[in-house]
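Tertiary structure, described
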Amino acid sequence: MRQTQKVMLAFSEATSNELNEILQHGFFKDKKSPNSKSKSKMSLSKQQCSQTASMKKQQNYGTKQIYEIIQQMRLERNAPVDLVGPQKCFNQNTDLQTQRFQILTSLMLSPQTKDDVTSKCANRLLEFTINDIANMDEEQLVKLIYEVNFNLTKAKRIKDLAQLALSQGMPTTFEETIKIKGVGEKIALIYMHVAFQKVEGIPIDVNMIRICNRIPIFKEKSPTKLRKFLESEFEHKEWGDINQTLVGFGQQICLPKPKCELCKLKNFCEYYKINNTSD
């Protein structure tokens, strides 16, 4: 047990070259038990099951250590999500009801849109009250947010949200929030975190899915399955920062066309190995 802890500590503090050396020595390979049966005595189906279980174990092993290395690469916190993320687009000097409306509005603008564009449009809307937006012509609202993708649909849903806020107030629970059109699991979780300081889950972004499939931490494209996996790997007190840490890493280094030369994880990244990216 002590040996394993020492290896984990060395892994979390290692440089790229040291990581490569660690992996070459096979520290993360499963050890054979002296009482294990010979593979020759196992049926083909049992071998396949054993191999599948072993692969899953290797994929899941070291998730926290991988995350710690990503945290080291994110010390400067200067990615778009850090500087102009939708969770930042609200007026802290106004009343709570308006703040919550502005936060959720900004988040609803963000899908399929870059953070700097979302920020520009969300900040335009800060000049208007909830009542203004509830009574605004959709055509006028579209003009205010025209740079975001799906602006027609988003304008309608933001107007509906403003009318809901006036008639019933802003949602105060995850269950209420996710029922609103244009709000998915990710948006509802970020809204609860920013507006109420309640961490009810780990919001999953496309950047996170890309990263976790490449390394791989967890080869799964379902946001809900990835969320549940990450929540099982980390303590609740750690959940609040995971989204922003990984999203920023995906915006700066692990992009769709990644900057592998800057990444400390490349020596055991599946994507890097397959594409044989040169230093």
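Note that this is a predicted model, so its numbers are computed, not measured.

**Points about the overall build of the chain**
- When helices and strands are tallied, the chain shows 16 helices and zero strands.
- In the chain, of all internal contacts separated by at least 6 residues, the share reaching a separation of at least 24 is 63%.
- Total accessible area computed for the chain in this model is approximately 16200 Å², and 50% of it derives from carbon and sulfur atoms.

**Concerning the packing of helix α13 (residues 206-214) against helix α15 (residues 239-252)**
- In contact at an axis separation of 8 Å, α13 and α15 are set at 75° when each is read in the N-to-C sense. Taken together, α13 and α15 sit at an angle that is classed as roughly perpendicular. Of α15, the residues touching α13 (which contributes N207, M208, R210 and I211) are I242, N243, L246, V247, F249, G250 and Q251.

**As for the nonpolar core**
- With 37 residues, the main nonpolar core has F101, L104 and Y191 as its most contacted residues.
- Looking at this core, the elements that each hand over two or more residues are α6 (96-109), α7 (115-125), α8 (130-134), α9 (138-144), α10 (151-168) and α12 (185-196).
- Top element by residues in this core is α12. It accounts for eight residues.
- What L104 contacts, discounting residues up to four positions off in sequence, is L161, M170, P171, T177, I180, V183, I187 and Y191.

**Some details on empty space enclosed by the protein**
- Tallying each qualifying case throughout the model produces four cavities of 30 Å³ or more.
- Lining the largest cavity are 14 residues, and of these C254, P258, C260, C263 and C269 lie nearest its centre.
- Here the residues of the lining of the largest cavity sort into eleven nonpolar, no polar and three charged.
- A volume near 40 Å³ is recorded for the second largest cavity.
- Along its surface, the second largest cavity is lined by F101, Q102, T105, S106, A122, L125, L126, F128 and I133.
- Of all the secondary structure elements, the ones that give two or more residues to the lining of the second largest cavity are α6 and α7.
- Here the residues of the lining of the second largest cavity sort into six nonpolar, three polar and no charged.

**Looking at the pattern of salt bridges**
- Counted by the stated rule, this structure contains ten salt bridges.
- Close ionic contact of E270 with K219 constitutes a salt bridge, the shortest N to O distance being 2.9 Å. Taken together, the residues E270 in helix α16 (residues 270-275) and K219 in the loop between α13 and α14 (223-233) connect sequence positions 51 residues apart.
- Residue class for K219 comes out partly exposed when judged on its relative accessible area of 39%.
- Each of E185, R227 and E231 takes part in one network of salt bridges that share partners.

**Concerning the confidence of the model for the chain**
- Chain-level pLDDT for the chain is 84 on average; 77% of the residues reach the 70-or-more range.
- Note on residues 1-34: pLDDT under 50 across the span, and 39 contacts to partners over four residues away in sequence or across chains.
- In this model, residues 36-61 is a region of pLDDT below 50 whose contacts with residues beyond four sequence positions or in other chains number 16 contacts.

Criteria and thresholds
- Residues numbered from 1 in each chain as written.
- Predicted model: local features only at pLDDT ≥ 70, side-chain atom pairs only at ≥ 80, totals over all residues.
- Heavy atoms only, no water.
- Helix = DSSP H or I, 4+ residues; strand = E, 2+ residues; numbered from the N terminus.
- Contact = heavy atoms within 4.5 Å.
- Areas by Shrake-Rupley, 256 points an atom, 1.4 Å probe, with all protein chains shown as cover.
- Axes fitted to C-alpha atoms, helices over the stretch in contact; angles between N-to-C directions.
- Parallel < 35°, antiparallel > 145°, perpendicular 65-115°, else oblique.
- Core = buried A, V, L, I, M, F, W, Y, C linked by side-chain atoms within 4.5 Å.
- Buried < 20%, exposed > 50% of the residue type's maximum accessible area, 1.4 Å probe, protein only.
- 1 Å grid on protein atoms, 1.4 Å probe; cavity = no way out; pocket = protein on both sides within 12 Å on 5 of 7 lines; lining within 4 Å.
- Points joined across faces, edges and corners; volume = space filled by probe spheres on them.
- Nonpolar A, V, L, I, M, F, W, Y, C, P; charged D, E, K, R; others polar.
- Salt bridge = Lys/Arg side-chain N within 4 Å of Asp/Glu carboxyl O.
- pLDDT = per-residue confidence, 0-100.

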